[in-house]
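# Commentary on secondary and tertiary structure
Here is how the chains run, residue by residue.
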Amino acid sequence: MSLVVLAIAFVVFLVIGMPIAFSLALSSLAAILFMDLSPLVVLQRMSSGFSVFALIAIPFFIYSGEIMLRGGAADRIVAFAQSLVGHKRGGLGQVNVLTSLLFGGISGSAIAGVSAVGGVLIPKMKEEGYSADYAVNVTVASSVLGLVIPPSHNMILFAIAAGGSLSVGDLFLAGVVPGILTAALLAIAAYWIAVKRGYPVKPFGGWGNVLRCFVAAMPGLMMILIIVGGIRLGIFTPTEASAVAVIYGLAITAFVYRELDWRAFMAATRDAARTTASVLFLIGAASAFGWVLAASDAPTMVSDLMGGITDNPIIMFLMINIALLMLGAVMDMAPLIIITTPIFLPIAMKFGMDPVQFGVMLIMNLGVGLITPPVGTALFVGCSVGKVRIEQVVKSVWPFYFAHFGAIMAVTFVPAFSLWLPHLLKG
């Protein structure tokens, strides 16, 4: 009955329009009161949820992304991507995908990707004759690449939710090939639509221009190599790497690009603090919610239920993917990582899936939720930037969904896509 109370309270709070974090916390309180426990349990579980030392890395990575966003890195990455692939059919669509892939490793956030890349490219695409729905779709669909391309703070959150025994460095590396694969499939979808609609072709600017743009973008792109390489070589821990990312971001935006003035610095600090507070409160509320689920034996019940349906690994993995996609469409990503990991990870491991592979699969599924109604926050931001109605965008987004689903299926059923690079660099 405690699960029934938890579920009903959570749904009621969502229906009346309460923010997801408060819905999680208050539904947990309702269930705990029904279980005849002290209300202080909610505060204790929330406090323990965001008092994990490894979580220090999340605000630092968020902060470094904001600094790079406002310090000129995004514009230079867009210029480099345009010099490289802008001459293809529907070139700005390809530029959009490549920019999101490169910028994702700096921001680690889908919302930041939509805001930065979309703010530059969506108006430009509309000016050059691309339809608004195409411009928004390709921007939104590629924005979630930053969730798997390192350094992703969502990978850190998964490592904590999985019990803290997984290597964050392995998780970072595991996302590289799936991220590139997803970008390639999105680029194919963007090209197919561009050919179908007859979007323009531009002349190639020459390899000299590519080299100049690459040199200009290199300081920003180096952040990815410094962080991942430093962690893999044992120079610093993931938590220390996040602080290094902030220092490096400040150095290149203030002294190399020279675009981080005092106003931009304060704006980056304010936005990073706001985002951090929101994320940590979500984590705390989700921890309380997850504790109630565990106390009510929900993971065992779900495992028994799914195990009773099938003992076929292929069908089981498909069921997990479908469940994650459906949950991602109605809830935010951070709480879902904390809530679903203890439920689905043991099932996936029981059927032979590596936990690192599962982590990548989880993040990719929940990332699609960010671009799926009704709670697709990245989709809403993209529509706002593109000044287009969400109904118009959803009608033509399907090729990009299929690209994401193809990448998810590849990662789910071919372990090498996620495990090859970590194993290679382990020797």
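This text gives an overview of the structure that appears in the document.

Parameters and conventions
- Starting afresh in each chain, residues are numbered from 1 along the sequence in its written order.
- Since the coordinates come from a predicted model, pLDDT governs what is reported: local features require at least 70, and pairs of side-chain atoms require 80 or more to be given and counted, while whole-chain, interface and lining totals use all residues.
- Side-chain descriptors were evaluated using all non-hydrogen atoms of the structure, hydrogens and water having been removed beforehand.
- Each helix corresponds to a stretch of at least 4 residues labelled H or I by DSSP, and each strand to a stretch of at least 2 residues labelled E; elements are numbered beginning at the N terminus.
- Only C-alpha atoms enter the radius of gyration, while the globule expectation follows 2.2 Å times N to the 0.38, with N the number of residues.
- Note on definitions: a residue-residue contact is assigned when non-hydrogen atoms from the two residues lie within 4.5 Å.
- The method behind every accessible area is Shrake-Rupley, applied with a 1.4 Å probe, and residues are considered shielded solely by the protein chains displayed.
- His is not counted, nor are the chain ends, whereas Lys and Arg count as positive and Asp and Glu as negative.
- All charge positions are set by atom: Lys at NZ, Arg at CZ, Asp at CG, Glu at CD.
- Between the first and last residue of a helix there are one fewer steps than residues, each counted as 1.5 Å, and that sum is the expected span.
- Partly exposed residues are those whose accessible area sits between 20% and 50% of the maximum for their type, while under 20% is buried and over 50% is exposed, using a 1.4 Å probe and protein chains only.
- Here the arc refers to the set of directions running from the helix axis out to each C-beta atom.
- Put simply, a salt bridge is a Lys or Arg side-chain nitrogen that is within 4 Å of an Asp or Glu carboxyl oxygen.
- Axis definition: a line fit to C-alpha positions, over the contact stretch in the case of helices; interaxial angles, taken between N-to-C directions, run 0 to 180 degrees.
- Any angle from 65 to 115 degrees is called roughly perpendicular, while one under 35 is roughly parallel, one over 145 is roughly antiparallel, and all others are oblique.
- Rotating anticlockwise by less than a right angle from the far helix to the near helix defines a left-handed crossing, while the corresponding clockwise rotation defines a right-handed one.
- Any residue that is not Ala, Val, Leu, Ile, Met, Phe, Trp, Tyr, Cys, Pro, Asp, Glu, Lys or Arg is counted as polar, Gly included; the first ten are nonpolar and the last four charged.
- Two aromatic rings, drawn from Phe, Tyr or Trp (for Trp, its six-membered ring), form a pair once their centres lie within 6.5 Å of each other, and the interplanar angle then sorts them: stacked below 30 degrees, edge-to-face above 60, tilted otherwise.
- Only Lys NZ and Arg CZ are tested; either one counts as a charge over a ring when it is within 6 Å of the ring centre and within 35 degrees of the ring normal.
- Buried Ala, Val, Leu, Ile, Met, Phe, Trp, Tyr and Cys residues form a nonpolar core when they are joined through side-chain atoms within 4.5 Å.

## As for the overall build of the chain
Helix and strand counts for the chain come out as 22 helices and zero strands. For a compact globule of 427 residues, the expected C-alpha radius of gyration is about 22 Å, and the chain comes in at 21 Å, within 12% of that figure. Dimensions along the principal axes, computed over C-alpha positions, put the chain at roughly 70 × 50 × 45 Å. For the chain, contacts bridging at least 24 residues in sequence account for 78% of all contacts bridging at least 6. A total of about 17400 Å² of accessible surface is found on the chain, and carbon and sulfur atoms cover 70% of it. Placing the 21 positive and 17 negative side-chain charges of the chain at their respective mean positions leaves the two points 12 Å apart.

## Focus: helix α1 (residues 2–15)
Taking 1.5 Å as the rise per residue, α1 with 14 residues should run 20 Å; its terminal C-alpha atoms sit 20 Å apart, in good agreement. Of the positions making up α1, those classed as buried are S2, L6, A9, F10 and F13. For α1, the arc enclosing every buried residue in end-on projection is 100 degrees, short of the 170-degree limit, so these residues lie on one face. Opposite its buried face, α1 presents the exposed residues I8 and V15, each directed more than 90 degrees away. Residues of α1 that are buried make contact with α2 (20–34) and α14 (262–295). At the C-terminal side of α1, G17 shows a positive phi close to 95 degrees.

## With respect to the pattern of salt bridges
Across all of its chains, the model carries seven salt bridges by this definition. Salt-bridge contacts for R76 lead to E259; the nearest nitrogen and oxygen are separated by 3.0 Å. In this pair, R76 sits in helix α5 (residues 73–85) while E259 sits in the loop between α13 (238–256) and α14, placing the two residues 183 residues apart along the sequence. For the salt bridge of R270 with D271, the shortest nitrogen-to-oxygen distance reads 3.7 Å. Via salt bridges that share partners, E66, R70, R270, D271 and R274 belong to a single interconnected network.

## Brief notes about the packing of helix α17 (residues 333–350) against helix α18 (residues 355–369)
Closest axis-to-axis distance for the α17/α18 pair is 10 Å, and the angle between their directions is 140 degrees. Compared by their axis directions, α17 and α18 come out oblique. Between α17 and α18 lies a crossing of right-handed hand. Contacts from M333, L336, I337, T340, T341, F344, L345, A348 and M349 in α17 reach P355, F358, L362, I363, L366 and G367 in α18. Residue composition of the contact of α17 with α18, grouped by class: twelve nonpolar, three polar and no charged.

## Here we look at the packing of helix α4 (residues 57–70) against helix α9 (residues 153–161)
Running from amino to carboxyl end, α4 crosses α9 at an angle of 170 degrees, the nearest separation of the two axes being 9 Å. Regarding the angle of α4 to α9, the classification is roughly antiparallel. Each of A57, I58, F61 and I62 in α4 lies in contact with α9, whose residues at this interface are H153, I156 and L157. Looking at the contact of α4 with α9 residue by residue, the classes come out as six nonpolar, one polar and no charged.

## Description of the packing of aromatic side chains
Within the structure shown, the criterion is met by 13 aromatic pairs. Look at Y130 and Y134: their rings are 5.9 Å apart centre to centre, the planes differ by 15 degrees, and that puts the pair in the stacked class. Each member of the pair Y130 and Y134 is classed as buried. With a centroid separation of 6.1 Å and 45 degrees between ring planes, the pair formed by F158 and F358 is classed as tilted. Placement of F158 in helix α9 and of F358 in helix α18 is noted, with a sequence separation of 200 residues between them. Residue F158 is classed as buried on the basis of its relative accessible area of 0%. Residue classification places F358 among the buried positions, given a relative accessible area of 0%. Among the aromatic residues, those joined into a ring-pair cluster are Y130, Y134 and Y199. Its end group placed over the ring of Y257, R76 keeps NZ or CZ at 4.1 Å from the ring centre.

## Quick look at unusual backbone geometry
Working note: non-glycine residues mostly have negative phi, and peptide bonds are mostly trans. Of note in this structure, R258 is not a glycine but carries a positive phi near 60 degrees. Within the element layout of this structure, R258 appears in the loop between α13 and α14. The residue K387 is not glycine, and still its phi comes out positive at about 55 degrees. The topology assignment puts K387 in the loop between α19 (377–386) and α20 (390–395).

## A short note on the nonpolar core
Formed by 144 residues in total, the largest nonpolar core has its most connected members in L24, Y134, I320, F358 and F400. With twelve residues, α14 is the single largest residue contributor to this core. Sequence-distant contacts of Y134, that is, excluding residues within four places in its chain, are made with G90, G93, M125, A190, I193, A194, R197, Y199 and F400.

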